[in-house]
Amino acid sequence: MGRRAPVTAAEASGPAGPDGFHRAWRAGLPTEQVLDEIRELRADDHDYADGTVFNSICSEPLDPARQVFAEHLATNMGDHRIFPSLPRATVLVTRMLGDLLGAPDAGGVPTSGATEANLLAVLAAVRRHTGSGRPRVLLARNAHFSFEKIVALLPVEPVWVPLDDRYRAEPAAYREALADRPALAVLTSGTSECGAVDAIDTLAPHAASLGVPVHVDGATGGFLVPFAGELGHPLPSTGFTTEGVVSVSVDPHKYGGAPIPSGHLLVRDPAWLDPLRSPSHYRGAADHFGLLGTRPGAALLATYAVLRRQGRAGYRADAAEVFRLRELTLELLARAGLRSAFPPELMVVGVACPDPEAVQTAMERRGFVVSVSRRFGFVRLVVHLHQTERQLARLVDELAAAVEEVAR
Ligand SMILES: Cc1ncc(COP(=O)(O)O)c(C=O)c1O
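An account of the accompanying structure is given in this report. Quantities reported herein were computed from a predicted structural model and do not represent experimental measurements.

1. Overview of the overall build of the protein chain
Secondary structure summary: the protein chain contains 13 helices and 11 strands in total. Its C-alpha radius of gyration of 22 Å places the protein chain within 12% of the 22 Å reference for a compact globule of 408 residues. Projected onto its principal axes, the C-alpha coordinates of the protein chain cover approximately 60 × 60 × 45 Å. Considering the protein chain as a whole, with its 408 residues, one finds that 50% of them fall into the buried category. Within the protein chain, contacts between residues separated by at least 24 positions form 71% of all contacts whose residues are at least 6 apart in sequence. Carbon and sulfur atoms provide 54% of the accessible area of the protein chain, an area that totals close to 19200 Å². Between the mean site of the 41 positive side-chain charges and the mean site of the 47 negative ones, the protein chain shows a separation of 3 Å.

Here it is as structure tokens:
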């Protein structure tokens, strides 16, 4: 634990060295030996359950995802004729996610994650655009870095809006930028860096009054924010209960307990997906709406299974646990004399300290994975269901020691 991953061919090849590795590859190996090699390859990996992972929005998949994923490994979402189960599962998964987000009749596309879902939302805006010039896409500076990839790939002009002191889209600046009627406005429900939730409840209706469609990146907040109000932590809504929100990205592989790769683009009006339709070249094959061609049906079926198993009630209980663990983390930090960098809205707790990067390194030496917001200068802890009270207490003790060590 805590060692750097080997990066050179010599390091990665193991005791036989690169030549020995190639020789063995050319001949093939017995399964047992391959399995040993995999164990060896993964020897330095952390385990979500071992109490050392405090930077991850993804976690251990919930029951019965592992079983379903393994049983249906060969299914391919790129071929609906061999696997007619998959368009059916798509409809059913879309119905459950749509219901979670306030629109049981929403349309949807399963994706590999929110990067792809966000990309599809922007692509739909590009294809709907009828004006001259590149369509403008309004983004706040807290948008996930997937949008930096997306605006580099698609013919759009990004318009960047600054943040308020809680790392949310600054509402006055956002309104001002909306007045120029961009082709699409993006807001985030649960930024990965700070867990910030933009003022979707006021900004989206304002956008609607100007005819500007709003896409919400709910990759992180999608399974938490719908319950926040009833759990005593009111936050702006993530989904379709707010006027003006036309599409939402949600990631079952984050707080939804589904295995990677599982994302979903939801649209309030299923016709909103039409611009994404890509006809296949083969007779009788279904049109594609996502970016990928061949893709694992097993992930969709496992997502279906987890959603059915959990139900809305199961996700509510999990969200309650995440909020409870977050409050406990704040209490532990305060008791240890550590200062929280901002009042958290969701699952990210920031710890203010001198030289956060040195603290991160000191934590790595102790075997813990925490992260740092480089832009905002704090140690970033992500609260997740794989953590226990005892593990959080140990984390905070070690963090206090690491902060002290760095200050010396
Ligand atoms: C808010 C947000 N949007 C988008 C993404 C990208 O999602 P993925 O890594 O599933 O493509 C993430 C991932 O952390 C995220 O937190």
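2. So, the site of the ligand
As a matter of local geometry, the ligand sits amid 14 residues, with Thr115, Asp217, Thr220, Asp251 and His253 nearest to it. The contact in question runs from an oxygen atom of the ligand to an N or O atom on the side chain of Thr115, over 2.6 Å. Across the complex, the protein chains shield 83% of the 390 Å² of accessible surface that the ligand would expose by itself. Across the shell around the ligand, the residue classes break down as 2 nonpolar, 9 polar and 3 charged.

3. So, the sheet that holds strand S10 (residues 371-373)
Here 4 strands make up an open sheet; going across it, the order is S8-S9-S11-S10 and the pairing antiparallel. Across the chains shown, the open sheet's two edge strands, defined by having one partner strand only, are strand S8 (339-340) and S10. In this structure, S10 lies alongside strand S11 (residues 378-382), joined through 3 bridges in antiparallel fashion. Residue Val372 lies in a different strand from S11, and its bridge partner there is Val379. Taken strand by strand, helix H12 (residues 356-365) contacts S10 and S11, and its axis lies near 170° from that of S10.

4. Re unusual backbone geometry
Of the consecutive residues Asp63 and Pro64, the connecting peptide bond is found in the cis state with omega at -5°. For Pro64, the location among the structural elements is in the loop between helix H3 (31-41) and helix H4 (65-71). In the segment running from Ile260 into Pro261, the intervening peptide bond is cis, with an omega of 5°. Checked against the element boundaries, Pro261 lands in the loop between strand S6 (245-250) and strand S7 (263-267).

5. Some remarks on the nonpolar core
If you look at the biggest cluster of nonpolar residues, it comprises 89 residues, and the most contacted ones within it are Tyr174, Met347, Leu381 and Leu399. Broken down by element, the residue count for this core peaks at 14 residues, all from helix H11 (residues 297-335). In terms of domain composition, this core takes at least three residues from each of domain 1 (48-59 + 313-407) and domain 2 (65-310).

6. A look at the environment of Arg339
Along the chain, the position of Arg339 falls in strand S8. Among the residues examined, Arg339 registers a relative accessible area of 58% and is labelled exposed. Residues Arg339 and Asp269, spaced 70 residues apart in sequence, show a C-alpha to C-alpha distance of 45 Å. Apart from residues lying up to four places away in sequence, Arg339 is in contact with Gly350, Val351 and Ala352.

7. Things to note about the pairing of strand S9 (residues 348-352)
Burial analysis of S9 places 5 of its 5 residues in the buried class, the great majority of the element. Here S9 shows a buried face lined by Val348, Gly350 and Ala352 and a second buried face lined by Val349 and Val351. Where S9 meets S11, 4 bridges bridge the pair, whose relative direction is antiparallel. The partner of Val349 across the bridge, within S11, is Leu381.

8. Some remarks on helix H5 (residues 85-100)
End to end, H5 covers 23 Å across 16 residues, agreeing with the expected 22 Å (1.5 Å per residue, within 8%). Among the residues making up H5, those that are buried are Leu86, Ala89, Thr90, Val93, Thr94, Met96, Leu97, Gly98 and Leu100. Structurally, H5 contributes buried residues whose contacts are with strand S1 (107-111), helix H10 (225-228), S6, S7 and H11. Residue Gly102 follows H5 closely and has a positive phi angle near 90°.

9. Points about the side chain of Ser59
Tracing the backbone shows Ser59 in the loop between H3 and H4. Using a relative accessible area of 14% as the deciding quantity, one classes Ser59 as buried. In terms of polar contacts, Ser59 uses its side chain to reach the side chain of His386, at 2.7 Å. Excluding anything up to four places from it in sequence, Ser59 contacts Tyr48, His253, His384 and His386.

10. A short note on the packing of helix H8 (residues 171-178) against helix H9 (residues 200-209)
Between H8 and H9, whose axes approach to 10 Å, the crossing angle comes to 15°. Judged on the interaxial angle alone, H9 and H8 are roughly parallel. For the element pair H8 and H9, the recorded crossing hand is right-handed. Counted together, Pro171, Tyr174, Arg175 and Leu178 of H8 and Thr202, Leu203, His206 and Ala207 of H9 form the full contact between these two elements. Split by residue class, the contact of H8 with H9 holds 5 nonpolar, 2 polar and 1 charged.

11. What to know about a nonpolar patch on the surface
Together, Leu29, Val34, Ile38 and Leu41 line one region of the surface with nonpolar side chains, adding up to about 330 Å² of accessible area. Classification of Ile38 as partly exposed rests on a relative accessible area of 43%.

12. Describing the packing of aromatic side chains
On inspection of all chains with the given rule, the structure shows 6 aromatic pairs. For the ring pair Phe223 and Tyr315, a centre distance of 4.8 Å and an interplane angle of 55° mean the geometry is tilted. A residue pair is termed long-range when its members are at least 10 positions apart, and Phe223 in the loop between strand S5 (214-218) and H10 and Tyr315 in helix H11 qualify at 92 residues. Ring-pair connections join several aromatic residues into one group, and the members of that group are Tyr167, Phe342, Phe376 and Phe378.

So, how was this worked out
Residues numbered from 1 in each chain as written. Predicted model: local features only at pLDDT ≥ 70, side-chain atom pairs only at ≥ 80, totals over all residues. Heavy atoms only, no water. Helix = DSSP H or I, 4+ residues; strand = E, 2+ residues; numbered from the N terminus. Rg over C-alpha atoms; globule rule 2.2 N^0.38 Å. Buried < 20%, exposed > 50% of the residue type's maximum accessible area, 1.4 Å probe, protein only. Contact = heavy atoms within 4.5 Å. Areas by Shrake-Rupley, 256 points an atom, 1.4 Å probe, with all protein chains shown as cover. Lys, Arg positive; Asp, Glu negative; His and termini not counted. Charge placed at Lys NZ, Arg CZ, Asp CG, Glu CD. Near = heavy atom within 4 Å. Polar contact = N/O pair within 3.5 Å; in protein donor to acceptor, adjacent residues only side chain to side chain. Nonpolar A, V, L, I, M, F, W, Y, C, P; charged D, E, K, R; others polar. Pairing = 2+ DSSP bridges. Axes fitted to C-alpha atoms, helices over the stretch in contact; angles between N-to-C directions. Core = buried A, V, L, I, M, F, W, Y, C linked by side-chain atoms within 4.5 Å. Domains from an automatic or database assignment. Expected span 1.5 Å × (residues − 1). Parallel < 35°, antiparallel > 145°, perpendicular 65-115°, else oblique. Left-handed = near helix turned anticlockwise from the far one by under 90°. Patch = residues over 30% accessible without salt bridge, like charges linked within 9 Å, V, L, I, M, F, W, Y side chains within 5 Å. Salt bridge = Lys/Arg side-chain N within 4 Å of Asp/Glu carboxyl O. Phe/Tyr/Trp six-rings, centres within 6.5 Å; stacked < 30°, edge-to-face > 60°.

In short, the description is geometric, and any link to function would need to be established separately.
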